[in-house]
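Coordinate analysis (summary)
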Amino acid sequence: MDLIIRSATLQGREGRHDIGIRGDRIAAIAPGLPERAAREIDAAGDLVTPALVEIHIHLDAVLTVGDPRHNRSGSLFEGIEIWGERVKSLTHEDVKRRATTALKWMLAHGVTYVRTHVDVCDPTLTALQALLEVREEVAEVITLQIVAFPQQGIYSFPDGEALMARAVEMGVDVIGGIPHYEWTREYGERDVRTALRLAAEYDRLADLHCDETDDDQSRFLELVAAETIRLGLQGRVTASHTTAMHSYNNAYAYRLIRWMRHAGVHVITNPLDNAVLQGRFDAYPIRRGFTRVKELLANGINVCIGHDSIMDPWYPLGVGDPLQACFVMVHYGHMSGRDELETMLDLVTTRAAACFGAEEYGLEEGKRADLVLFDAPTAVDAVRTLAARRAVVSRGRVVAETRPARSTVRWQGREEEVRFLI
Ligand code: 17E
Ligand code: FE2
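How each quantity is defined
- Each residue is numbered by its place in its chain's sequence as written, counting from 1.
- Working convention: letters from A go to chains and numbers from 1 go to ligands, in the order in which they are written.
- Local features are withheld for residues below a pLDDT of 70 in this predicted model, meaning they are given only at 70 or higher, and side-chain atom pairs are given and counted only at 80 or more; totals for whole chains, interfaces and linings count all residues.
- The side-chain numbers reported here are obtained from all heavy atoms of the structure, hydrogens and water having been left aside.
- Under the DSSP-based scheme used, a helix requires at least four consecutive residues in state H or I and a strand at least two consecutive residues in state E, with every element numbered from the N terminus.
- Taken over C-alpha atoms, the radius of gyration is set against a globule rule of 2.2 Å times the number of residues to the power 0.38.
- Exposure categories follow from relative accessible area, calculated using a 1.4 Å probe and restricted to protein chains: below 20% of the type maximum is buried, above 50% is exposed, and the middle band is partly exposed.
- Contacts between residues were defined by any pair of non-hydrogen atoms, one from each residue, lying within 4.5 Å.
- Note that accessible areas follow from Shrake-Rupley with a 1.4 Å probe, and for residues the cover is restricted to the protein chains shown.
- Think of it this way: one heavy atom of a residue within 4 Å of a molecule or strand is enough to make that residue near it.
- Any N or O atom pair separated by 3.5 Å or less is treated as a polar contact, with the protein-specific requirement of one donor-capable and one acceptor-capable atom, and with residues adjacent in sequence counted only for side-chain atom pairs.
- The method works on a 1 Å grid over the protein atoms by themselves. A cavity is a set of points holding a 1.4 Å probe that cannot get out, a pocket is an open set with protein on both sides within 12 Å along at least five of seven lines, and residues with an atom within 4 Å of a point line them.
- If over half the atoms of a molecule are within 2 Å of the grid points of a cavity or pocket, the molecule is regarded as sitting in it.
- Three classes are used, and their members are as follows: Ala, Val, Leu, Ile, Met, Phe, Trp, Tyr, Cys and Pro are nonpolar, Asp, Glu, Lys and Arg are charged, and the others, Gly among them, are polar.
- Each metal's donors are the N, O and S atoms found within 2.8 Å of it, except that Na, K and Ca use a 3.2 Å limit; water is left out, so coordination can look incomplete.
- Criterion used throughout: strands pair if DSSP finds at least two bridges between them.
- Axes here refer to lines fitted to C-alpha atoms; in helices the fit is confined to the stretch in contact. Angles between the N-to-C directions go from 0 to 180 degrees.

1. Section: the overall build of the chain
Of regular secondary structure, the chain possesses 13 helices and 18 strands. Relative to the globule expectation of 22 Å for 422 residues, the C-alpha radius of gyration of the chain, 22 Å, shows essentially globular dimensions. The C-alpha extent of the chain, read off along each of the three principal axes, is 65 × 45 × 45 Å. The buried share among the 422 residues of the chain stands at 57%. Considering only residue pairs separated by 6 or more positions, the chain has 76% of its internal contacts joining residues 24 or more positions apart. Counting only carbon and sulfur atoms, one obtains 51% of the accessible surface of the chain, whose full area is about 17400 Å².

Now the structure itself:
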């Protein structure tokens, strides 16, 4: 073996296990491996999971907060306006530098799969060109998927459809869309139809920003589900945000969710951004504006969690840690029931990997060795404490390590370490 992680806790298995890694593969998982390895890590009962998957991020916009100006109202719409100004000054090096920095932050948090949107409403496609290069440069540690994302609309931006087609020809992995932001309902319908037609024609996945508004009349998701079924794209289509679902009446939501299940549509919720972007037009009481995570999961729909933004015109905070998004979703989604809490980490691991289409992913013999060792013994403790990632393994190599903070308290004449565990 090249690497063995000893004495790890694994989800869904009793006791402690050793994980043996040879080359870039998981070679063996067993309660005690007799082999030795060049490098051994003692997990000492801490949790090992498959790598984290960042399923929704805008790498072209990361780390631009305040440039050219800050978002004063906090709304999605002011964010899009500010970004529209920033796009004009993008350079190849500027995009590469910021995206690479953010990817390093993510890797330190255990992320080895990333799906990024890139705005293609730019006649020069500068950001796309830069991110296509970044995709190659990081491939040894991170699998990067690029989504052609028409931020200003496919039909509400000059030559939007041609720019989408050019982006596909240049080699994007996923087709995006933004129906709710198009100038009219009709344009929005064309946006959905075009995105899914391109996905079918070019054999790509689709992931549309869909109904990211508090408008209960924004109902493009039903068309996404219908077109998915019509084109035979079941399991290959994702709807991101879908915040309007929060405001739909329950009878309509019931009908919609049934069609979504038929279509096998994946849903990505982005609790960090949408916690601050939604509800901006409400007087009290102010709606939460998240999609119906609890109901969707209960109805057999794959839901996963994205980060969306790190320090950009929409969200001024963030360190690229999917666990923060998970933590916030527990609160806003009322996912604190014991059974729910125990599965929340899956929304940034296995569920996100299913949406990504990551075939070599998983904590099983023969799968690729992309793993995370948490400074916590269980998945609930990992989310609760935002546990440090003691070690991150990508393709069989330890690619990131974090020394967990240790707190000491002194009182009653004694000094003792506090670990926030019961
Ligand atoms: N663009 C958009 O339309 N919605 C978002 N949440 C972000 C960018 C971050
Ligand atoms: Fe987004």
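Let's pick the thread back up.
2. Some words on the site of ligand 1
Surveying the vicinity of ligand 1 reveals 14 residues, the closest of which are Leu76, Gln151, Glu212, Asp308 and Ser309. In this structure, Gln151 approaches ligand 1 through a side-chain N or O atom, which is 2.7 Å from a nitrogen atom. At 2.7 Å, a side-chain N or O of Glu212 approaches a nitrogen atom of ligand 1. Given that more than half its atoms are within 2 Å of the pocket grid, ligand 1 belongs to the largest cavity. Contributions of two or more residues to the shell around ligand 1 are made by α1 (76-87) and α8 (271-277). Classifying every residue of the shell around ligand 1 by side-chain character gives six nonpolar, five polar and three charged.

3. Describing the coordination of the iron ion (ligand 2)
Protein-derived ligands of the iron ion (ligand 2) are His56 (NE2), His58 (NE2), His209 (NE2), His241 (NE2) and Asp308 (OD), with the metal-ligand distances lying across 2.2 to 2.7 Å. Positions of the donor residues of the iron ion (ligand 2), expressed as sequence spacing, correspond to H-x1-H-x150-H-x31-H-x66-D. In this pair, His56 sits in strand β6 (residues 52-57) while His241 sits in strand β11 (residues 237-241), placing the two residues 185 residues apart along the sequence.

4. Regarding the sheet that holds strand β5 (residues 48-50)
On the basis of which strands lie adjacent, the open sheet formed by four strands has the order β5-β14-β15-β16 and antiparallel pairing. This sheet does not close on itself; its edge strands, each paired only once, are β5 and β16 (397-401). Averaged over neighbouring strand pairs, the angle between their axes works out to 25 degrees when direction is ignored. Where strand β15 (residues 389-394) and β16 come together, four bridges link them in antiparallel fashion. Pairing of Ala391 across the sheet is with Glu401, part of β16.

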